[in-house]
Amino acid sequence: MLEGFYIAASGMLTQQRTINVLANNMANVKTPGYKARRVITETFEQELSTRMEKGNTQVIGPGEATRIVRDVATDFGENLLEETGRPFDLALVGPGYFNIQGEQNQYLTRNGNFDVDEEGFLILEGTGRVLGEKGEIEVGGSYFTVSTEGIVTDSEGNELDRLLITDPQAAEGQQGGAADLPLVSMDNGMYTVAEGVENTPSSGYSVYQNTLERPNMDLNREYTLVMEAQRAFQSCANALKIIDQINQKTATQIASIG
């Protein structure tokens, strides 16, 4: 009967992780360029159960089939575009990411909801300055244009820089895949390059000014998935209660026989 505890408990842990991931998706429903994340599970036909108590680990023995979370992957599918009429907003179509210089790390993102700081540099609010091939991009104000090739020019047509668009996935052969092994996922649709992976310059992309890339998810579908996960979690919790009641009744009957 103890195997039932582990099966139901593994189901609860899996569904709790799923709910957390879906909740994060829903929290980023208005984050431009956000890519939805999905929990990938797998079933082990037999698990070796252990008990951890007061710093000690003791092997209990083989258990029954359990479902666990194997990975949390990112859906890199294309997003729809939304015209904003705001010159600081940039949308990226095709492979690649904008590069942002933060205080501690260099981040990659599809979020092109940029602005200008007091010194005239193009920034992603709360993260850092937007990078070009020459370094941090200084536009001065709102009078600048960005071509589809990512070339930034001032009001007089002078070229200031070219947006640094990179794609680590291309170097790893992961472009368009579900797993994000070359990238380390951060909060709010930010990524960092995984250790040992080259931040390869991208090609085949287009940049659109006065436009933002919308998140690639449907809020209604996320709600539906959350409800499914919650019901599955409740079912596992009810199963635990039933197993506990059966164990209590069994122990009581055995004691009464003695």
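These numbers were taken from a predicted model, which means no experiment stands behind them.

(A) Representation of the nonpolar core. Ranked by size, the top nonpolar core spans 21 residues in total, and within it Phe114, Leu122 and Leu163 carry the most contacts. Every element with two or more residues in this core is listed here: strand E6 (90-93), strand E7 (97-101), strand E10 (122-124) and strand E13 (144-146). Apart from the residues lying within four places of it in its own chain, the contact partners of Phe114 are Arg86, Phe88, Asp89, Leu90, Phe98, Ile100, Leu122, Ile123, Leu124 and Val130.

(B) Structural view of unusual backbone geometry. The phi dihedral of Asn188 falls on the positive side, at around 55 degrees, and the residue is not glycine. You can see Asn188 is positioned in the loop between strand E17 (183-185) and strand E18 (190-193). Phi is positive for Asn210, which is not a glycine, with a value near 60 degrees. As for its position among the elements, Asn210 is in the loop between strand E19 (206-209) and strand E20 (211-213).

(C) The arrangement of the environment of Arg162 in detail. Take Arg162: it is sitting in strand E15 (residues 159-162). Overall, the relative accessible area of 28% leaves Arg162 in the partly exposed class. With sequence-adjacent residues up to four places away left out, Arg162 is seen in contact with Gly132, Glu133, Glu149, Gly150, Ile151 and Tyr205.

(D) Representation of the sheet that holds E13 in the model. Overall, antiparallel pairing links the three strands, which are arranged E13-E14-E15 in an open sheet. Every other strand in the sheet has two partners, leaving E13 and E15 as the edge strands with one partner each. The mean inter-strand angle of the sheet, taken between neighbouring strand axes irrespective of direction, is 20 degrees. Pairing of E13 with strand E14 (residues 151-154), which is carried by three bridges, proceeds in the antiparallel orientation. By the bridge assignment, Phe144 is partnered in E14 with Asp154.

(E) Broad picture of the pattern of salt bridges. This structure, assessed with the given rule, holds eight salt bridges. Ionic pairing is found between Lys35 and Glu213, a salt bridge with its closest N-O pair at 3.3 Å. Of this pair, Lys35 sits in the loop between helix H1 (2-27) and strand E1 (37-44) while Glu213 sits in strand E20; the two residues are 178 residues apart in sequence, bridging distant segments of the chain. The same class applies to Lys35 as to Glu213, namely buried.

(F) A look at the pairing of E19. Here E19 shows a buried face lined by Val207 and Gln209 and an unburied face lined by Ser206 and Tyr208. Bridge count for E6 against E19 is four bridges, and the pairing is antiparallel. The partner of Leu92 across the bridge, within E19, is Val207.

(G) Up close: the environment of Arg129. Secondary-structure assignment places Arg129 in strand E11 (residues 128-132). Take Arg129: its relative accessible area is 19%, and that puts it in the buried class. Non-local contacts of Arg129, meaning those with residues more than four positions away in its chain, are made with Asn99, Ile100, Gln101, Asp117, Glu119, Phe121, Leu122, Ile123 and Glu136. A distance of 3.3 Å separates a polar atom in the side chain of Arg129 from a polar atom in the side chain of Glu119.

Cut-offs and rules
Residues numbered from 1 in each chain as written. Predicted model: local features only at pLDDT ≥ 70, side-chain atom pairs only at ≥ 80, totals over all residues. Heavy atoms only, no water. Core = buried A, V, L, I, M, F, W, Y, C linked by side-chain atoms within 4.5 Å. Buried < 20%, exposed > 50% of the residue type's maximum accessible area, 1.4 Å probe, protein only. Helix = DSSP H or I, 4+ residues; strand = E, 2+ residues; numbered from the N terminus. Contact = heavy atoms within 4.5 Å. Pairing = 2+ DSSP bridges. Axes fitted to C-alpha atoms, helices over the stretch in contact; angles between N-to-C directions. Salt bridge = Lys/Arg side-chain N within 4 Å of Asp/Glu carboxyl O. Polar contact = N/O pair within 3.5 Å; in protein donor to acceptor, adjacent residues only side chain to side chain.

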